[in-house]
Amino acid sequence: MPGELDELTQARVRKLDALREMGVDPFPKKYERSHLSGELIQHFEEIEGTTVRVAGRLVGAIRDLGGSGFAHILDASGRIQVLFRRNTLGAEGFSVYRLLDAGDFVGVAGKAMRTRTGEITVEAAELTFLSKAIRPLPEKWHGLTDVEKRHRQRYLDLIASEDVRRVFALRSRAVSAIRRFLDGRGFLEVETPILQTLAAGAAARPFETFSNALDASLYLRIAIELHLKRAVVGGIERVYEIGRVFRNEGVDRQHNPEFTMMELYQAYADYEDIMELVESLVSSVAVELLGTTRVQWGNDEIDLAPPWPRRTLRELMIELAGVDYAAYGDDGALIAAARAAGLNPEDTWNRAKLIDELKSSLVDPKLVQPCFVVDYPAETTPLAKRKSSESLLVERFEAFIGGMEIGDAFSELNDPIEQRRRMEDQAALGAEGDPGAQALDEDFLEALEHGMPPTGGVGIGIDRLVMVLANQPNIREVILFPLLRPRVGG
RNA sequence: GGGCCGCUAGCUCAAUGGCAGAGCAGCUGACUCUUAAUCAGCGGGUUCGGGGUUCAAGUCCCCGGCGGCUCACCA
């Protein structure tokens, strides 16, 4: 609230002034601490009775008892109780204590002890004021429950909720573990352009922007794929990137317009090798972070231990959707079958769209345990290699966990002639108005024409993987600052 | 985009169409082992915005905003 300060803020600003009048700098530059609260608690037996220095934000209530008071401070490792006593602190220090509010940062030096109830506590012999919060913190025992506020002001959510702090720590450690896993297998991490003159490599609507210097329209990338394959053409045989991709599409529990993708490409490998890599990656990350491959997902327990079952798309469609798409030669018959299966297909939907719709509404949600869905019709996947020269199927798999697509992978198409033909087919569909058609990337085709080794590749949705590891069914709970509608009026 | 629900004090929530309230937080005072501290007292409101009905609207009606859930769309 710029301008007018509400009553609570005014009260805190008055305390700020009072500190300055006492000659206390309310915003000093640094504080040397000896322990994090977690270290102190973990090694308390050795530390007990010695003087320690801790620092953090005052959270929860300050239990003021007149000549003494208890409070908790929160630091990066957790909470610890501090005790302020007039006798120990002295009159001057105690008058600083009297100006504390929940939310302020303090440094406390004093003896590590246990209270009568056994709680590990630092009894302050010295109190250093470190920073003033002039706005109040979220209410202390309901915590922060307004979902919008939790997302818009995630810092409050982090202060108020240990669970939320744990989720984002888990996410960070998951990304590190993935990097270690891939580095250990000889992969090189690279960075490729996010601003592109053409958004290719997937079927999605891009965000558009503009370069003043180049006087050209640019797009934010919708996939990393085609640049990483250029790197493979250049001889980087094992390459990956972990980065943001942007899709100008719907927002729901499983979709945020910007999300984090890990894509990797491995020369001389096919999609079978990539399956082994993915199940090994995911299960070993789970073991490293959680100590187990078994994770809770809502009411289900998921076991990430390899091997994951390989099921063909066609058999799953027959089993779970009741539709054998291979039995319907023309699109009209398939539309009728989709309608019979309970969908509302439009007449304009082509075969790829129909299969995708059937799969995503009738098959995907049922794939709770890890599963590789393999062998897709070629028309759904323009960048994948055919199973054999005359096959209608391509070597592609999608990895599913918790009913969500976690990864998408192929034996990469490296025949430049066929790749051009398949991209031209897509371009034709695009010209007919199919918004799901992929763009023809002439520059990429030129790279392929210089020769790419046989290569397997995969893209893994990091956000969704973290959702599974953290048992969070909403993608916004694993993104620190998810995209929200802009606030009106500031 | 559709449906349902919600928006009241800093926070969490009340209020048959009839004086807008409680707990916590805040302020004043008491209290040197509390942890939802306790006890006594005090202040705090554009009831999301706009319009309408009514003697009277937080409450009913209309329009709008934002959010949640859900369906649809979308890799």
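Please read all numbers here as calculations on a predicted model, not as lab measurements. (Residues numbered from 1 in each chain as written. Chains lettered and ligands numbered in written order. Predicted model: local features only at pLDDT ≥ 70, side-chain atom pairs only at ≥ 80, totals over all residues. Heavy atoms only, no water.)

Draft legend 1. Structural view of the overall build of chain A. Scanning chain A for helices and strands turns up 15 helices and 18 strands. In terms of overall dimensions, chain A has C-alpha extents of about 90 × 50 × 50 Å along its principal axes. With 490 residues in all, chain A has 49% of them scored as buried. Within the structure as shown, chain A displays about 23,700 Å² of accessible surface, and the carbon and sulfur contribution to it stands at 50%. Side chains of chain A carry 59 positive and 77 negative charges; the gap between the two charge centres is 8 Å. (Helix = DSSP H or I, 4+ residues; strand = E, 2+ residues; numbered from the N terminus. Buried < 20%, exposed > 50% of the residue type's maximum accessible area, 1.4 Å probe, protein only. Areas by Shrake-Rupley, 256 points an atom, 1.4 Å probe, with all protein chains shown as cover. Lys, Arg positive; Asp, Glu negative; His and termini not counted. Charge placed at Lys NZ, Arg CZ, Asp CG, Glu CD.)

Draft legend 2. Seen up close, the pairing of strand β13 (residues 300-303). The sheet contact formed by strand β12 (residues 294-297) and β13 spans four bridges and is antiparallel. Along β13, the bridge assignment pairs Q296 with E301. Hairpin connection of β12 to β13: two residues between the antiparallel strands, including G298 at a positive phi of 60°. (Pairing = 2+ DSSP bridges.)

Draft legend 3. Main features of the sheet that holds strand β1 (residues 51-64). Pairing in this closed barrel of five strands is mixed, and the strands run β1-β2-β3-β5-β4 around the ring. On average, each strand axis in the sheet is inclined to that of its neighbour by 55°, with strand direction left out of account. By the bridge criterion, seven bridges tie β1 to strand β4 (residues 105-114) in an arrangement that is antiparallel. Bridge assignment links G56 to a residue of β4, and that residue is V106. Sheet strands in contact with helix α4 (residues 86-97) are β1, β2 (68-75), β3 (78-85) and β5 (120-131), and its direction is about 30° off that of β5. (Axes fitted to C-alpha atoms, helices over the stretch in contact; angles between N-to-C directions. Contact = heavy atoms within 4.5 Å.)

Draft legend 4. Spotlight on helix α9 (residues 271-290). An ideal rise of 1.5 Å per residue puts 28 Å on 20 residues; α9 measures up with 28 Å between its terminal C-alpha atoms. Where α9 begins, the capping side chain belongs to D270, and its oxygen is found 3.0 Å from the backbone nitrogen of E272. Positioned one or two residues after α9, G291 has a phi angle of 75°, which is positive. (Expected span 1.5 Å × (residues − 1). Polar contact = N/O pair within 3.5 Å; in protein donor to acceptor, adjacent residues only side chain to side chain.)

Draft legend 5. Fine view of the packing of helix α7 (residues 162-184) against α9. Contact geometry of α7 with α9 gives a least axis separation of 10 Å together with a crossing angle of 130°. Taken as axis vectors, α7 and α9 run oblique relative to one another. Where α7 crosses over α9, the handedness of that crossing is right-handed. Counting all contacts with α7, which are made through L170, R173, A174, A177, I178, R180, F181 and L182, the residues of α9 involved are L277, S280, L281, S284, V285, E288, L289 and L290. Class assignment for the residues of the contact of α7 with α9 results in eleven nonpolar, two polar and three charged. (Parallel < 35°, antiparallel > 145°, perpendicular 65-115°, else oblique. Left-handed = near helix turned anticlockwise from the far one by under 90°. Nonpolar A, V, L, I, M, F, W, Y, C, P; charged D, E, K, R; others polar.)

Draft legend 6. View of unusual backbone geometry. Residue P307 follows P306 across a cis peptide bond; omega there is 0°. Relative to the helices and strands, P307 is located in the loop between β13 and β14 (310-312). Phi at D215 takes a positive value of approximately 50°, unusual for a residue other than glycine. The residue D215 is located in the loop between β8 (208-211) and β9 (216-220) in this model. A residue is classified by how much of its surface remains accessible, and D215, at 62% relative accessible area, is exposed.

Draft legend 7. Fine view of the nonpolar core. Among the nonpolar cores identified, the biggest contains 49 residues, and I178, L182, M262, L264, V278, F397 and I460 are the most heavily contacted of them. At ten residues, the largest contribution of residues to this core is made by α9. Setting aside its immediate chain neighbours within four residues, I178 contacts I242, M262, L281, V285, I462 and L465. Among the nonpolar cores identified, the runner-up in size contains 45 residues, and M261, I355, L358 and L362 belong to it. (Core = buried A, V, L, I, M, F, W, Y, C linked by side-chain atoms within 4.5 Å.)

Draft legend 8. Region of interest: the environment of Q369. For Q369, the location among the structural elements is in the loop between α12 (351-363) and β15 (371-377). Classification of Q369 as partly exposed rests on a relative accessible area of 37%. Contacts of Q369, omitting those with residues within four sequence positions, involve E301, I302, D303 and F400. One polar contact links the side chain of Q369 to the main-chain amide nitrogen of D303, over a distance of 3.1 Å.

Draft legend 9. Up close: the packing of helix α13 (residues 416-431) against helix α14 (residues 442-449). Where α13 meets α14, the closest approach of the two axes is 9 Å, and the angle between their N-to-C directions is 165°. When the axis of α13 is compared with that of α14, the two are roughly antiparallel. The element α13 and its partner α14 pack so that their crossing is right-handed. Where α13 approaches α14, its residues P416, Q419, R420 and M423 are matched on the opposing element by E442, F444, L445, L448 and E449. Here the residues of the contact of α13 with α14 are counted per class, giving five nonpolar, one polar and three charged.

Draft legend 10. Spatial organisation of the sheet that holds strand β18 (residues 455-461). Taken in spatial order, the eight strands line up as β6-β10-β11-β18-β17-β16-β15-β14 in an open sheet, and their pairing is mixed. Either end of the sheet is taken by a strand with one partner, and the two such strands are β6 (188-189) and β14. Against the sheet, helix α10 (residues 313-321) makes contact with β14 and β15, and its axis sits at roughly 75° relative to β14, the strand it touches most.

Draft legend 11. Quick peek at the packing of aromatic side chains. Taken as a whole and judged by the stated rule, the model has four aromatic pairs. Taking 5.0 Å as the distance between ring centres and 35° as the angle between the ring planes, the aromatic pair formed by F84 and Y97 counts as tilted. Of this pair, F84 sits in strand β3 while Y97 sits in helix α4, placing them 13 residues apart in sequence. Ring geometry for F94 against Y97: centres 4.8 Å apart, planes inclined by 35°, an arrangement best described as tilted. With F94 and Y97 both in helix α4 and three residues apart, the pair spans about one turn of that helix. For the pair F94 and Y97, one class covers both residues: buried. Taken together through their ring pairs, the aromatic side chains of F84, F94 and Y97 make up a single cluster. Of note, R396 hangs over the ring of Y376, and the distance from its end group to the ring centre comes to 4.4 Å. (Phe/Tyr/Trp six-rings, centres within 6.5 Å; stacked < 30°, edge-to-face > 60°. Lys NZ or Arg CZ within 6 Å of the ring centre and 35° of its normal.)

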